[in-house]
Amino acid sequence: MNAGKTLSEAAARLAAAGVDEAELNAQWLLSDALGVPRLNLLADPSLTVSAAALRKFKKGLALKEQGLPLAYILGWQDFRDIRIKVDKRVLVPRPETEELAGLAAAFLKTRKGPLSAMDYGSGSGAIGFWLAKEFPGLRLKSVEKSARALACAAENAAALGLAARVEFIRASTLETIAGTVDLIVSNPPYIPTGVIPGLAPEVLSEPRMSLDGGGDGLDVARMLAALAPSKLKKGGALIMELGGYQAKTLLAAMPASIWKEKRTHKDLNGIKRFAFARIG
Ligand SMILES: C[S@@+](CC[C@H](N)C(=O)[O-])C[C@H]1O[C@@H](n2cnc3c(N)ncnc32)[C@H](O)[C@@H]1O
């Protein structure tokens, strides 16, 4: 069987199972099974698919049909210009979180001297590790409540050659974390508990702890806003990713006597998803 026919049959099968972006998913799975870049498949549909590759591809297809995120099947997710290992221990990093990391980098560029940052709720570690790659002197605290996620982050730091600059901390509140940093960046769980049962199967296969933000989704974000001032250096910032309406609500509750600059930033879809606040 050639790549073109394999792909068209698989895409039809995924579409029939209700999988979004069926063609793209089929392309990534076949590219992985064959070990050739995805675009090569499109450029050369006559490429032969060996029996071994076909077996691997069919396994991936079946998992995709069952609603597993593509990144879990492949075992990785690209995040800006780094590749992050992901599996069911961690949330799959999203495109909007790449934007959060960009905002964090823009803030760090305004700081002088040795840089330090904390990635709170670090999951796979994507945000903090990309920042550590961008800023070679940066010292990073990677903080996580889930021991399994922290283990995945440690594997990623080692693979990216960053372990020496990263302190891994298992914690469920900022309160217990020693020292101060220039930046606390976080993509906390922010989905309201009541919304979770209605989420797509793909999302529901990700760790509940990475999704559930409590009644209004803001439990962890509120804790960060309340405790961050004592963990930030002078002029330091807290930058968070939240749901659209949540960023404004959270910032409004943060006292102007402590936070000198507060603003939302839009994501690429025009949603005011990011909360930025800086202390004096
Ligand atoms: C939305 S995920 C973000 C993961 C990763 N930073 C990313 O952007 O892909 C939220 C992460 O926060 C962790 N988490 C949840 N509650 C926490 C808490 N109270 N303290 C620390 N981490 C927490 C979850 O285990 C999960 O890894």
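Residues numbered from 1 in each chain as written. Predicted model: local features only at pLDDT ≥ 70, side-chain atom pairs only at ≥ 80, totals over all residues. Heavy atoms only, no water.

## With respect to the pattern of salt bridges
Here's step 1: The tally for this structure, following the rule as stated, stands at 17 salt bridges.
Here's step 2: Note that Lys85 is salt-bridged to Glu155, the shortest N-O span being 2.8 Å. Of this pair, Lys85 sits in strand β2 (residues 82-85) while Glu155 sits in helix α8 (residues 147-159), and the two are 70 residues apart along the sequence.
Here's step 3: A residue is classified by how much of its surface remains accessible, and Glu155, at 32% relative accessible area, is partly exposed. (Salt bridge = Lys/Arg side-chain N within 4 Å of Asp/Glu carboxyl O. Helix = DSSP H or I, 4+ residues; strand = E, 2+ residues; numbered from the N terminus. Buried < 20%, exposed > 50% of the residue type's maximum accessible area, 1.4 Å probe, protein only.)

## Quick look at the site of the ligand
Here's step 1: Of all residues adjacent to the ligand, which total 19 residues, the nearest are Tyr120, Gly121, Glu144, Asn187 and Ser210.
Here's step 2: Contact between the ligand and Ser172: a nitrogen atom at 3.0 Å from a main-chain N or O atom of the residue.
Here's step 3: Asn187 places a side-chain nitrogen or oxygen 2.9 Å from an oxygen atom of the ligand.
Here's step 4: For the ligand, whose accessible area on its own is 600 Å², the fraction buried by protein is 95%.
Here's step 5: For the shell around the ligand, the per-class residue count stands at nine nonpolar, eight polar and two charged. (Near = heavy atom within 4 Å. Polar contact = N/O pair within 3.5 Å; in protein donor to acceptor, adjacent residues only side chain to side chain. Areas by Shrake-Rupley, 256 points an atom, 1.4 Å probe, with all protein chains shown as cover. Nonpolar A, V, L, I, M, F, W, Y, C, P; charged D, E, K, R; others polar.)

## Quick word on the domain arrangement of the protein chain
Here's step 1: One can read the domain layout of the protein chain as domain 1 (3-66) and domain 2 (87-279).
Here's step 2: When each unit is reduced to the centre of its C-alpha atoms, the spacing between domain 1 and domain 2 is 35 Å. (Domains from an automatic or database assignment.)

## A short note on the side chain of Asp267
Here's step 1: The topology assignment puts Asp267 in the loop between β8 (259-266) and β9 (272-279).
Here's step 2: For Asp267, the side chain forms a polar contact with the main-chain nitrogen of Asn269, separated by 2.9 Å.
Here's step 3: There is a polar contact of 2.8 Å between the side chain of Asp267 and the side chain of Arg273.
Here's step 4: Excluding residues that lie within four positions of it along the chain, Asp267 makes contacts with Glu99, Arg273 and Phe274. (Contact = heavy atoms within 4.5 Å.)

## Thoughts on the packing of helix α2 (residues 22-34) against helix α4 (residues 51-65)
Here's step 1: Relative to each other, α2 and α4 sit at 145°, their axes nearing to 8 Å. The chirality of how α2 crosses α4 is right-handed. Along its contact with α2, which presents Asn25, Ala26, Leu29, Leu30, Asp32, Ala33 and Leu34, the element α4 presents Ala53, Lys56, Phe57, Gly60, Leu61 and Lys64. (Axes fitted to C-alpha atoms, helices over the stretch in contact; angles between N-to-C directions. Left-handed = near helix turned anticlockwise from the far one by under 90°.)

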